[in-house]
Amino acid sequence: MYSEGSDCRVFWSADGSVVAVRDSASSDYKAAYDYKKHELIRYDSTRMQAFIAARGGLGPEFSDYRDGKETYGE
């Protein structure tokens, strides 16, 4: 998902099941990956927002998508 651009920020959902990439300037979602359904979503910021909200909202930001994953036991 880093192909979304270098000016993006990476977040986990609060429950640790979704990783999301947001544009640093606009805060629009660029991509999200759902580890429960093994599904990548792109180009649908509204759907990504709903996905993340259903999983407890945004959790902490990480500089690398792997950072903090051990927090969720996976």
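Described below are features of the structure shown in this document. Note that the coordinates shown come from a computational prediction; the quantities given were computed from them, not determined experimentally.

Considering the overall build of the protein chain
The secondary structure content of the protein chain amounts to 1 helix and 5 strands. Its helices and strands in sequence order give the protein chain the pattern β-β-β-β-α-β, from N to C terminus. Contacts spanning at least 24 positions in sequence make up 40% of the contacts within the protein chain whose residues lie at least 6 apart. Looking at the protein chain as shown, the accessible area adds up to about 4300 Å², and 47% of this sits on carbon and sulfur atoms.

Brief notes about the environment of Lys36
Mapped onto the fold, Lys36 is located in the loop between β3 (29–34) and β4 (39–42). Judged by relative accessible area, which is 58%, Lys36 ranks as exposed. Along the backbone, Lys36 and Val18 are 18 residues apart, and their C-alpha atoms lie at a distance of 8.0 Å. Apart from residues no more than four positions distant in its own chain, Lys36 is found in contact with Asp15, Ser17 and Arg55.

With respect to the nonpolar core
Within the largest apolar cluster, 8 residues are counted, these being Val18, Ala20, Tyr29, Ala32, Ile41, Met48, Phe51 and Ile52. Residue assignment for this core shows that the elements contributing at least two residues are β2 (18–23), β3 and α1 (45–54).

Concerning unusual backbone geometry
Within the chain, His38 stands out as a residue other than glycine whose phi angle is a positive 55 degrees. Assignment of secondary structure puts His38 in the loop between β3 and β4. His38 sits in the exposed class, given a relative accessible area of 60%.

Reading guide: rules and limits
Residues numbered from 1 in each chain as written. Predicted model: local features only at pLDDT ≥ 70, side-chain atom pairs only at ≥ 80, totals over all residues. Heavy atoms only, no water. Helix = DSSP H or I, 4+ residues; strand = E, 2+ residues; numbered from the N terminus. Contact = heavy atoms within 4.5 Å. Areas by Shrake-Rupley, 256 points an atom, 1.4 Å probe, with all protein chains shown as cover. Buried < 20%, exposed > 50% of the residue type's maximum accessible area, 1.4 Å probe, protein only. Core = buried A, V, L, I, M, F, W, Y, C linked by side-chain atoms within 4.5 Å.

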